[in-house]
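# Structural characterization, general
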Amino acid sequence: MHARTIHAENRHLDWLLEHDRHVPEQWIGRCLSLGEYIIAEQGGESIGFLRFSWFWGTIPFMDLIMVLPDRRRSGIGTALFRHWEAAMRDAGATLLMTSSQSDEAEPQAWHRRNGFREAGSVSFGHLQPVAEVFLVKDLR
């Protein structure tokens with residue numbers, strides 16, 4: 001069964017509150033109201049999301065992509081990413097950004113397969129024990 005990807009709507013709020021556990025409820029509401037979530041649905045059920053924001057207020061930054069465990073490795077994450085990439089290109093973006101912890105080889109490999117390249121890393125001391133690797137994708 002094929003998944004469809006759409007910009008999240010208010011009807012997705014409860015599902016996002018349950019599944020986006022990395023940010024506070026207020027941030028989820030903010031991102032939802034600004035159109036910064038893309039949802040994957042299959043058979044009428046939400047099965048994944050991509051949350052993004054804007055680095056420096058101008059560069060689209062993929063904050064998090066999550067697919068339910070039993071739906072992973074089936075192209076859902078890539079479909080979410082492709083939807084976001086196309087929307088950002090349509091909005092005039094020429095560069096995309098994302099990041100991953102330096103010890104997360106699998107997510108970094110996924111980003112590279114989708115056209116990202118490493119752009120540097122930052123250590124956050126006591127806030128995060130390992131460095132954060134930043135990746136960019138040129139859309140020009």
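Above this text is the structure in question.
Keep in mind that this is a model prediction, so the values were computed, not measured. Throughout this description, residue numbers start from 1 for each chain and increase along the sequence as written. Local features are withheld for residues below a pLDDT of 70 in this predicted model, meaning they are given only at 70 or higher, and side-chain atom pairs are given and counted only at 80 or more; totals for whole chains, interfaces and linings count all residues. Computation of side-chain values: all heavy atoms of the structure, hydrogens and water removed.

In this section: the overall build of the protein chain. Every helix listed is a DSSP run of H or I at least four residues long, and every strand listed is a run of E at least two residues long, numbered separately from the N terminus. Tallying secondary structure elements over the protein chain gives four helices and seven strands in all. Secondary structure elements of the protein chain occur, N-terminal to C-terminal, as β-α-α-β-β-β-α-β-α-β-β. Computation of the radius of gyration draws on C-alpha atoms, with the globule rule given as 2.2 Å multiplied by the number of residues to the power 0.38. Its C-alpha atoms give the protein chain a radius of gyration of 15 Å, within 12% of the compact-globule value 14 Å for 140 residues. Judged by the C-alpha coordinates and their principal axes, the protein chain covers about 40 × 35 × 30 Å. Residue pairs in contact within the protein chain that sit at least 24 positions apart in sequence constitute 55% of those at least 6 positions apart. Carbon and sulfur atoms make up 52% of the accessible area of the protein chain, which amounts to about 8,000 Å² in all. Separation between the mean location of the 15 positive side-chain charges and that of the 18 negative ones in the protein chain comes to 6 Å. The criterion used for residue contact is that any of the two residues' heavy atoms lie within 4.5 Å. Residue exposure ignores everything except the shown protein chains as possible cover, and the areas themselves are Shrake-Rupley values with a 1.4 Å probe. In this tally, Asp and Glu contribute negative charge and Lys and Arg positive charge; neither His nor the terminal groups of the chain are included. Charge positions come from single atoms, namely NZ of Lys, CZ of Arg, CG of Asp or CD of Glu.

Moving on, we come to the pattern of salt bridges. Salt bridge criterion: a side-chain nitrogen from Lys or Arg within 4 Å of a carboxyl oxygen from Asp or Glu. Per the stated rule, a full pass over the model turns up 13 salt bridges. One salt bridge in this structure joins Glu85 and Arg89, with 3.7 Å as the shortest N-O distance. Remark: Arg89 and Glu85 occur in helix 3 (residues 76-90); sequence separation between them is four residues, near one turn of the helix. For each residue, the accessible area found with a 1.4 Å probe, counting protein chains only, is set against the maximum for its type, and the residue is called buried under 20%, exposed over 50%, and partly exposed in between. Judged by relative accessible area, which is 42%, Arg89 ranks as partly exposed. A salt bridge links Glu85 to Lys137, with the nearest nitrogen and oxygen atoms 2.5 Å apart. Pair noted here: Glu85 is in helix 3 and Lys137 is in strand 7 (residues 132-138), with a separation of 52 residues, a long-range link. Exposure remark for Glu85: the relative accessible area of 7% places this residue in the buried category. A residue is classified by how much of its surface remains accessible, and Lys137, at 12% relative accessible area, is buried. Within the structure, one salt-bridge network assembled from shared partners comprises Arg4, Glu9, Arg11 and Glu41.

To continue, consider the side chain of Ser46. The residue Ser46 is located in strand 3 (residues 45-55) in this model. Since its relative accessible area comes to 13%, Ser46 is described here as buried. Among residues more than four places away in sequence, those in contact with Ser46 are His12, Trp15, Ile39, Ala40, Glu41 and Leu68.

Classification of ring pairs rests on two measures: the distance between centres of Phe, Tyr or Trp rings, Trp counted by its six-membered ring, which must be within 6.5 Å, and the angle between planes, read as stacked under 30 degrees, edge-to-face over 60 and tilted in between. Across all of its chains, the model carries ten aromatic pairs by this definition. Both rings, one in Phe55 and one in Phe61, keep their centres 6.5 Å apart while their planes meet at 25°; by these two values the pair is stacked. Under the relative-accessibility criterion, Phe61 is labelled buried at 10%. A ring pair is formed by Phe81 and Phe116, whose centres lie 5.6 Å apart and whose planes are at 55°; its orientation type is tilted.

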